[in-house]
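Overview (structure and organization)
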Amino acid sequence: MTEALNTTATATVLSVVIPMYNEEEVLPALVSRLRPVLADLGVGYEVVAVDDGSTDRTAELLAAFRLGWPELRVIGLRRNSGHQAALTAGLDRAHGAYVVSIDADLQDPPEKIPEMLALARTEGLDIVYGIRADRASDTGFKRWTAGLYYRLVRRLAGPSVPAQAGDFRLLSRAAVDALMSLPDQQRVYRLLVPWLGFPSGEVRYERAPRPAGQSKYPLGRMIRLAVDSVTGFSAAPLRIATWLGGFAFLVCLALMIYTLSAHAFQHTVPGWTSLFIGVLFIGAVQLVCVGLLGEYVGRIYTAVQNRPTYFIGHDTGADAAKGPFRAGGDPTVPSPASPPGGSADPAAPLSQGLGRRS
């Protein structure tokens, strides 16, 4: 098993990871454009299609395309786990010395993959970002919200985060291994990848309109991505209570001066001054304490929430995969006798069928 895995990893120069969710309409166009691009590279490659619990004919079409395309490998997740989790599953099981992640909607051109690979090899880069130089195909609202998002994350994570860089990128094996070693649960690769600090380059392209199907990033998911980005790279939301408490404390000091002045000039009713000052002071102190407590509770919560990111139902590349899945894609169901998160096979490692754990 180990020998087969090493042979596969050596022969595979490039892995292309494609998270998919209900992409039956665009799949034929994706295959017709991606396959000749990879065939012309002249290197060993694999295409890792991660079916993120699709409810349409995506899985059926992938199985059909795989009959005539042996380099196509299909990983099926047990349920819809989200785009970033599906991307994690693909990265975790890719064998290539270089790994390209790209969405299935063809808004990011597969024809740029050879340029990315050539740039990484000639300049010794570990990361090559696909930069959207032109988003004219997006709506005005999408361009505005995207610009707002990138300004926000660059302020939180630093200028190392390239503006207008999505999930179309190339990573070296060293960068992939570094990413997979991180304990983060809610992963946002647009921030994690730049945070690694590996040597990087850029390839620019014009973002094309989606040829078929519907966007899998409506407003709700965009907001969730922004929230995950903020909470994953900043404790600012937890500090809001602290900031409010400090502001309230300053306001309290100002009002104390006012009430004392009013009391000195006898413009108050008896007892009003002491009661007013006491309520303000106690409220400000409580907000400060709740804010400080929130800082620690947030860190504890993140540390103890040790859930797998994804569950794999089948992997057509099981014989050479990183986990000992049966080649037929038979789902691995934990048995009562196995450890929590384990597999039905007592000899299999604990990680079988599970995603990354912290």
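Just so you know, these numbers come straight off a predicted model, no measurement behind them.

1. Notes on the side chain of aspartate 51
Considering the arrangement of structural elements, one finds aspartate 51 in strand E2 (residues 45-51). Using a relative accessible area of 7% as the deciding quantity, one classes aspartate 51 as buried. Residues within four places of aspartate 51 in sequence aside, it is in contact with Met20, Thr58, Ala59, Leu62, Ile75, Gly76 and Leu77.

2. Regarding helix H5 (residues 113-123)
Of all the positions in H5, only Ile113, Met116, Leu117, Leu119 and Ala120 are classed as buried. Buried residues of H5 fall within an arc of 160° about the axis and therefore sit on the same side. Summarising the geometry of H5, the exposed residues directed more than 90 degrees from the buried face are Thr122 and Glu123. Looking one or two places after H5, you find glycine 124, whose phi comes out positive at around 65°.

3. Let's talk about the nonpolar core
Counting residues in each nonpolar core, the largest one holds 34 residues, and the members touching the most others are Val16, Ile18, Leu34 and Val47. Setting aside residues up to four positions removed in sequence, valine 47 forms contacts with Val16, Ile18, Leu34, Leu38, Trp69, Glu71, Leu72 and Arg73.

4. Remarks on a nonpolar patch on the surface
There is a patch of nonpolar side chains on the surface, built from Phe249, Leu250, Leu253, Phe281, Ile282 and Val285 and spanning about 510 Å² of accessible area. When contributions to the nonpolar patch are tallied by element, the ones reaching two or more residues are helix H10 (236-264) and helix H11 (272-304). Structurally, phenylalanine 249 is set in helix H10.

5. Looking at the packing of aromatic side chains
For the coordinates displayed, the defined rule picks out one aromatic pair. Judged by centre distance (5.6 Å) and plane angle (75°), the rings of phenylalanine 168 and tyrosine 205 are edge-to-face. Of this pair, phenylalanine 168 sits in strand E6 (residues 165-172) while tyrosine 205 is found in strand E7 (residues 200-206), placing the two residues 37 residues apart along the sequence.

6. Digging into empty space enclosed by the protein
One pass over the structure, following the stated rule, counts two cavities of 30 Å³ or more. At four residues, the largest contribution of residues to the lining of the largest cavity is made by helix H2 (residues 27-39). Each residue belonging to the lining of the largest cavity can be placed in one class, and the counts come to 11 nonpolar, no polar and no charged.

7. Description of the confidence of the model for the chain
Taken over all residues, the pLDDT of the chain has a mean of 76, while the share at 70 or more is 66%. Low pLDDT, under 50, characterises residues 1-10; the stretch is placed with nine contacts to residues that sit more than four places away or in other chains.

8. So, the pattern of salt bridges
Throughout the structure, instances matching the rule amount to 12 salt bridges. Between aspartate 108 and arginine 207 there is a salt bridge, and its shortest N-O distance comes to 3.4 Å. Taken together, the residues span a long stretch of sequence, with aspartate 108 in the loop between strand E4 (98-101) and H5 and arginine 207 in the loop between E7 and helix H9 (219-233) at a distance of 99 residues. A single burial state applies to aspartate 108 and to arginine 207, both of which are buried. Across the pair glutamate 115 and lysine 112 runs a salt bridge whose closest N-O atoms are separated by 3.1 Å. Owing to a relative accessible area of 38%, glutamate 115 belongs among the partly exposed residues under this scheme. Since its relative accessible area comes to 22%, lysine 112 is described here as partly exposed. It is possible to trace a salt-bridge network through shared partners that takes in Glu46, Arg73, Arg93 and Asp315.

Cut-off values and rules
In this numbering scheme, every chain counts its residues from 1 along its sequence in written order. In keeping with the model being predicted, local features are shown solely for residues with a pLDDT of at least 70 and side-chain atom pairs are shown and tallied solely at 80 or more, while totals for entire chains, interfaces and linings include all residues. Remark: hydrogens and water are excluded; side-chain values derive from all non-hydrogen atoms of the structure. By definition, any uninterrupted DSSP run of H or I lasting at least four residues is a helix, any uninterrupted run of E lasting at least two residues is a strand, and each is numbered from the N terminus. With a 1.4 Å probe rolled over the protein chains alone, any residue whose accessible area is under 20% of its type maximum counts as buried; one over 50% counts as exposed, and the rest are partly exposed. We call two residues in contact whenever any of their non-hydrogen atoms come within 4.5 Å of each other. Arc, as used here, means the arc of the directions from the helix axis to the C-beta atoms. Throughout, nonpolar core names a set of buried Ala, Val, Leu, Ile, Met, Phe, Trp, Tyr and Cys residues whose side chains join them through atoms within 4.5 Å. Grouping into patches uses exposed residues only, defined as over 30% relative accessible area, and leaves out salt-bridged ones; the cut-off is 9 Å for like charges and 5 Å for nonpolar side chains (Val, Leu, Ile, Met, Phe, Trp, Tyr). Each accessible area is a Shrake-Rupley result for a 1.4 Å probe, and residues are judged covered by the shown protein chains and nothing else. We define a salt bridge as a side-chain nitrogen of Lys or Arg found within 4 Å of a carboxyl oxygen belonging to Asp or Glu. Ring pairs shown here join Phe, Tyr and Trp side chains whose ring centres sit within 6.5 Å, with only the six-membered ring taken for Trp; geometry is labelled stacked below 30 degrees between planes, edge-to-face above 60, and tilted in between. Cavity means a closed set of points on a 1 Å grid over the protein atoms alone, one where a 1.4 Å probe fits but cannot get out, pocket means an open set with protein on both sides within 12 Å along at least 5 of 7 lines, and lining means a residue has an atom within 4 Å of a point. Grid points are joined across faces, edges and corners, and a volume is the space filled by probe spheres set on the points. Here the term charged refers only to Asp, Glu, Lys and Arg, the term nonpolar to Ala, Val, Leu, Ile, Met, Phe, Trp, Tyr, Cys and Pro, and the term polar to all other amino acids, Gly among them. pLDDT gives the predictor's per-residue confidence on a scale running from 0 to 100.

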